[in-house]
Amino acid sequence: MKNKKQKILLIAILGLVGFSSMQETIAQNKLPEWAFGGFVRPKGVNPLIEPIQETTFDCPMREALVKWECADTFNPAATVKEGKICILYRAEDNPNVGIGKRTSRIGLVESKDGTSVTKRYNIPVLYPDHSDISKTYEWKGGCEDPRIAVTEDGLYVMAYTAWNNQTPRLSIATSRDLLTWEKHGPAFAKAYEGRFKDLACKSGSIVTEVKNGRQVIAKVNGKYLMYWGEWYVAAATSEDLINWEPVLDQEKGKLLKLITPRDGYFDSNLTECGPPAVVTDKGILLLYNGKNAEGNKQDKRFAARTYSAGQVLFDKVNPFKVLDRLDVPFFRPMADFEKSGQYVSGTVFIEGLVFFKKKWYLYYGCADSKVGVAIYDPAKKTDGDPLTTSVAKRVLQ
């Protein structure tokens with residue numbers, strides 16, 4: 001009886017607006033010329049990385065063997081090394097405790113084609129240890145949510161969240177081989193005489209450019225530039241890629257917030273930086289994660305608390321000036337494994353973006369539980385994910 005009533009209601013709606021016009025409205029998600037997309041999930045590939053029980057790690061912090069990636073594997077960074085895509089993903093242990101109480105470590109897989117795992121390393125490459133930096137900033141929450149970019153001479157720079165179960169801090173580590181990392185501590189520790197050392201902060205997207213076919217770290221106005229932030233998008237500059245200085249509003253002396261959540265839109269709860277930003281001929285393109293609010297501020301087209309992905313374009317001359325911003329997500333939870341797991345409201349959390357063989361490979365966390373990939377071919381630019389699911393299909397099923 002319930003299904004019959006639904007069908008009658010649908011027929012009434014279609015009679016008012018016209019079935020063909022309704023289909024067109026539902027399907028439309030036109031991307032502007034400056035945006036990347038659409039990103040296509042390759043068939044039969046996802047999820048690309050899932051938790052496994054077999055691997056153990058002799059953890060220096062716990063002084064015991066732990067199944068370091070048995071609970072969830074998600075929120076990946078990505079880069080290119082020696083002709084292969086390397087994906088560094090967040091792995092959590094102990095599924096018997098709740099979100100925020102596990103220890104996170106960073107694992108590594110290699111892929112020759114970007115859509116299949118060629119090699120998966122048995123032990124994490126970044127984890128809390130006995131160093132002063134780890135004990136102060138990473139015990140016992142660990143190392144979370146990496147983003148990675150590389151210099152022209154092959155220095156890999158990771159911006160990750162150090163979590164000590166009290167305050168999350170955006171931190172920096174560097175490597176030449178992706179296996180051995182040097183930790184440098186909080187990115188903002190020295191700026192303004194330590195004013196922001198204990199700031200709760202996350203998600204650093206270092207600005208990159210494609211140069212001679214390689215995606216490498218760029219300079220903007222003579223300095224390195226990083227967009228960062230979770231509840232808002234801010235910026236920071238650096239001379240050495242290790243010590244970063246947040247950009248301030250010169251009149252107020254506070255952090256300069258470049259974009260913030262918007263009531264009634266998919267990013268109404270937060271705007272969190274995604275993978276490394278990219279300099280294009282249109283400006284500086286930042287892909288970011290938007291979370292939908294609940295209640296009056298919610299975008300009613302999408303489920304409450306859903307994480308989807310947006311894009312914002314900044315000016316190349318004034319990288320703190322917004323030129324344009326998508327009003328609907330270009331990428332959103334659609335597959336079952338993107339709407340289950342730790343985060344059942346639905347999550348595609350983007351952190352890895354790699355230029356590889358003339359295409360862009362986007363790596364993302366699926367419901368805080370697995371890793372997926374989607375591909376954008378600039379030679380075949382298309383639209384983003386549909387604005388919403390087909391009402392007709394959903395009701396008549």
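Keep in mind the model is a prediction, meaning the values are calculated, not measured.

Novice: Provide a residue-level description of the pairing of strand β16 (residues 234–238), including the pertinent values.
Specialist: Burial within β16 is extensive, with five of its five residues counted as buried. Because side chains alternate across β16, one face comprises the buried residues A234, A236 and S238, and the other comprises A235 and T237, equally buried. Pairing of strand β15 (residues 223–228) with β16 involves five bridges; the strand directions are antiparallel. Across the sheet, M226 pairs through a bridge with A236, a residue of β16. When β16 meets strand β17 (residues 244–246), the two strands line up antiparallel, connected through three bridges. Looking at β17, one finds that A236 is bridged to P246. Between the antiparallel neighbours β16 and β17 lie five residues, among them L241 with a positive phi of about 70°.

Novice: Give me the sheet that holds strand β24 (residues 359–366): which residues, what numbers.
Specialist: Taken in spatial order, the three strands make up an open sheet running β23-β24-β25, and their pairing is antiparallel. The open sheet has two edge strands, β23 (348–356) and β25 (370–376), and neither has a second partner. The average undirected angle you get between the axes of adjacent strands in this sheet is 25°. Summarising the sheet, β23 and β24 pair through eight bridges and their orientation is antiparallel. Residue F356 lies in a different strand from β24, and its bridge partner there is K359.

Novice: Talk me through the side chain of T208; I want residue IDs and the actual numbers.
Specialist: Within the fold, T208 resides in strand β12 (residues 208–211). For T208, a relative accessible area of 1% translates into the label buried. Only 3.1 Å separates the side chain of T208 from the side chain of Q215, close enough to count as a polar contact. Only 2.7 Å separates the side chain of T208 from the backbone oxygen of A277, close enough to count as a polar contact. When sequence neighbours within four positions are dropped, the list of residues in contact with T208 reads A149, Q215, V216, I217, A218, P276, A277, V278 and V279.

Novice: How would you sum up the packing of aromatic side chains? Please name residues and give values.
Specialist: Counted under the stated rule, the structure contains 17 aromatic pairs. Where F39 meets Y376, the ring centres are 5.5 Å apart and the plane angle is 55°; that geometry is what we call tilted. On the criterion of sequence distance, the pair formed by F39 in the loop between α2 (19–27) and β1 (57–59) and Y376 in strand β25 is long-range, its members being 337 residues apart. Under the relative-accessibility criterion, Y376 is labelled buried at 5%.

Novice: How would you sum up the nonpolar core? Please name residues and give values.
Specialist: Core analysis: the biggest nonpolar cluster contains 24 residues, and F39, F330 and F331 have the highest contact counts within it. The set of elements that each furnish at least two residues to this core consists of β20 (284–291), β21 (307–314), β23, β24 and β25. Setting aside residues no more than four positions away along its own chain, F330 makes contact with N29, L31, F36, F39, L287, A309, G310, Q311, I350, L362, G384 and D385.

Parameters and conventions
- Numbers given for residues are sequential positions, taken from 1 along each chain in its written order.
- Side-chain atom pairs in this predicted model are given and counted only at pLDDT of 80 or more, local residue features only at pLDDT of at least 70, and totals for whole chains, interfaces and linings cover all residues.
- Calculation of side-chain values draws on the structure's entire complement of heavy atoms; hydrogens and water are dropped beforehand.
- Relative accessible area decides the class of each residue, using a 1.4 Å probe on protein chains only: under 20% of the type maximum gives buried, over 50% gives exposed, and in between gives partly exposed.
- Per the convention used, a helix needs a DSSP run of H or I reaching at least four residues, while a strand needs a run of E reaching at least two, with both numbered from the N terminus.
- For two strands to be treated as a pair, DSSP must find at least two bridges joining them.
- Angles run from 0 to 180 degrees between N-to-C directions of axes, and those axes are lines fitted to C-alpha atoms, restricted for helices to the stretch in contact.
- In the analysis that follows, any N or O atom pair within 3.5 Å is treated as a polar contact, provided that within protein one partner can donate a hydrogen and the other can accept it, and provided that, for residues neighboring in sequence, both atoms belong to side chains.
- Here a residue-residue contact requires only that any non-hydrogen atoms of the pair lie within 4.5 Å.
- Stacked, tilted and edge-to-face are the three classes assigned to paired rings of Phe, Tyr and Trp, where Trp is represented by its six-membered ring and a pair needs centres within 6.5 Å; plane angles under 30 degrees give stacked, over 60 edge-to-face, the rest tilted.
- To define a nonpolar core, start from buried Ala, Val, Leu, Ile, Met, Phe, Trp, Tyr and Cys residues and group those joined through side-chain atoms within 4.5 Å.

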